[in-house]
Amino acid sequence: MWTVNQDMKVDILRAGIAAPSADNSQPWRFTWGDDHLDVRIDATRSGNVSDTRYVLSDLAAGACVENMVIQGRSLGYAAQVDVFPEAGDELWIARIRWRRDPDGQRDPLAAAIDSRHTDRSFPWRGAIAPSAQARLDAQAERIEGARLCWPRAGREKSMALKLVRLAESLRFRSPALHAELFSSIRFAAGWDAVCEEGLAPATLAVERPMRPAFEAMRRPAVMRVLNRFGAAAMLGWRSAWLPIRLSPGLCLLVVPSAARTDVFAGGRALQRVWLEATLAGLSVQPYAAAGVLSLGFVPVEPHLRQALSRLDAGLAPLCGNGRGLVFLRLGQSRSAPPRRSGRRAMDSFGPG
Ligand SMILES: Cc1cc2nc3c(=O)[nH]c(=O)nc-3n(C[C@H](O)[C@H](O)[C@H](O)COP(=O)(O)O)c2cc1C
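This structure is a prediction, so every number in the text was calculated from the model and none was measured.

J.: What should I look at first to understand the environment of Ala15 in this one?
T.: Within the secondary structure layout, Ala15 lies in helix α1 (residues 6-17). We classify Ala15 as buried; its relative accessible area is 4%.

So, in structure tokens, the structure goes:
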């Protein structure tokens, strides 16, 4: 048996931590064995309202593991990923075993691990060339069962827009989702700085004149009053419909079922697609609410449950035989976002 050396541990963990996570929650815990790494969901940073069945955490875990597998390969190690190794332990996501494979092929996606990021700006230019689309499709399909669906112009595109807008507006209409969303925004950081966990306001692309109103909305009473005047629908339009309408590309990541193994695989595919898009010079913004809410695991207030059924029914024709998890908005941004989300220090992710 060989032992993973300290440099390799650091390289692998750095790649994993660079992965995306919903609300920048970074819900991962790592424990090294001699020749393997155990990846767990951090119970203190997961399981909130929209993560009740760990859908968001499983996606983030899949993205994190994929980054580590890609990085390992670029260091000359092949990985074997055992998923959910202990049936009774819902937080234990994977054991990754590495073996030396000096002749194995390096994965070109490794070059994008550090530069991949979320971009919430708009409008975006360009067109997604068929060759670029084919490369993104191929990356999703490298993970068994995963694929991308591209709503075509016309009916499908307008249905997709309607669903994403509806889902985003629910995040402001549902008191539980509103509380969760605003608790992840670190207003204390101000509008210029970044923070090492959660969403820094500077990464949200909120227009300067709108910032005081947006900050006031964190109070449930203010949100309730504004919602009487249609604020949630307006916010759904501004945060989803308009940016998507003003971007050349939109696709939906689809997996065979809502089983946790499939969602985890979806996270791996999400990361491969995002890294390939980064290499192709494309900006990416994921929209997870439509897919995640449509699965029916999120305990929203009774008067909003009908909206969840509408999401489920509306997504079905877009997904064919499968479950849509995350929409991705794609295009060419004028410039890189002024701020990127930070990450916690490596030793906060476990014993190491
Ligand atoms: C499962 C998942 C769901 C996400 N959902 C959204 C979303 O609905 N809207 C959004 O703007 N960003 C979304 N993101 C992006 C995260 O907020 C982002 O990855 C995180 O803040 C870290 O920033 P970075 O991607 O720039 O490293 C999501 C990311 C993941 C992995």
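J.: Even after reading the chapter, I still don't get the site of the ligand, so can you show me in this structure?
T.: Near the ligand, the surroundings consist of 19 residues, among which Arg116, Thr118, Arg120, Gln285 and Arg343 are the closest. Contacts to the ligand include Thr118, whose side-chain N or O atom sits 2.6 Å from an oxygen atom. Between the ligand and Arg343 there is a distance of 2.7 Å, counted from an oxygen atom to a side-chain nitrogen or oxygen. Taking 610 Å² as the accessible area of the ligand by itself, protein coverage stands at 94%. Within the residue set of the shell around the ligand, elements represented by two or more residues are α2 (55-74) and β7 (283-287). With three residues, β7 is the single largest residue contributor to the shell around the ligand. Here the shell around the ligand is composed, by residue class, of eight nonpolar, six polar and five charged. When residues are assigned to domains, the shell around the ligand turns out to be shared by domain 1 (6-115) and domain 2 (130-331), each giving three or more.

J.: Is there a simple way to think about the packing of aromatic side chains in this case?
T.: Think of a pair of aromatic rings as described by two things: how far the centres are apart, and how the planes are tilted against each other in angle. This model, assessed by the stated rule, comprises 10 aromatic pairs. The interplanar angle of 65° and the centroid separation of 6.4 Å between the aromatic rings of Trp191 and Phe214 together place this pair among those described as edge-to-face. Of this pair, Trp191 sits in the loop between α5 (175-183) and α6 (211-216) while Phe214 sits in helix α6, and the two are 23 residues apart along the sequence. Both residues of the pair, Trp191 and Phe214, belong to the buried class. Pairwise contacts between aromatic rings join Phe172, Phe182, Phe187, Trp191 and Phe214 into one cluster. If you follow Arg116 out to its NZ or CZ, it ends over the ring of Trp274, 4.5 Å from the centre. Positioned above the aromatic ring of Trp124 is the side chain of Arg329, whose terminal nitrogen or guanidinium carbon lies 3.7 Å from the ring centre.

J.: Help me out: how do you make sense of the sheet that holds strand β3 (residues 77-83) in this one?
T.: The strands making up a sheet associate through backbone hydrogen bonding, with each pair oriented either parallel or antiparallel. Across the sheet, four strands lie side by side as β1-β2-β4-β3; this open sheet has antiparallel pairing. The open sheet terminates on both sides in strands that have one partner only, identified here as β1 (28-32) and β3. Between one strand axis and the next, the sheet turns by 20° as a mean value, whatever way the strands run. Sheet analysis places β1 next to strand β2 (residues 36-41), joined by five bridges and oriented antiparallel. Residue pairing in the sheet places Trp32 in a bridge with Leu37 of β2. Sitting on the sheet, helix α9 (residues 260-279) touches β2, β3 and β4 (92-100), and the angle it makes with β3 is about 150°.

Calculation notes
Residues numbered from 1 in each chain as written. Predicted model: local features only at pLDDT ≥ 70, side-chain atom pairs only at ≥ 80, totals over all residues. Heavy atoms only, no water. Helix = DSSP H or I, 4+ residues; strand = E, 2+ residues; numbered from the N terminus. Buried < 20%, exposed > 50% of the residue type's maximum accessible area, 1.4 Å probe, protein only. Near = heavy atom within 4 Å. Polar contact = N/O pair within 3.5 Å; in protein donor to acceptor, adjacent residues only side chain to side chain. Areas by Shrake-Rupley, 256 points an atom, 1.4 Å probe, with all protein chains shown as cover. Nonpolar A, V, L, I, M, F, W, Y, C, P; charged D, E, K, R; others polar. Domains from an automatic or database assignment. Phe/Tyr/Trp six-rings, centres within 6.5 Å; stacked < 30°, edge-to-face > 60°. Lys NZ or Arg CZ within 6 Å of the ring centre and 35° of its normal. Pairing = 2+ DSSP bridges. Axes fitted to C-alpha atoms, helices over the stretch in contact; angles between N-to-C directions. Contact = heavy atoms within 4.5 Å.

Any link to function would need more than the numbers given here.
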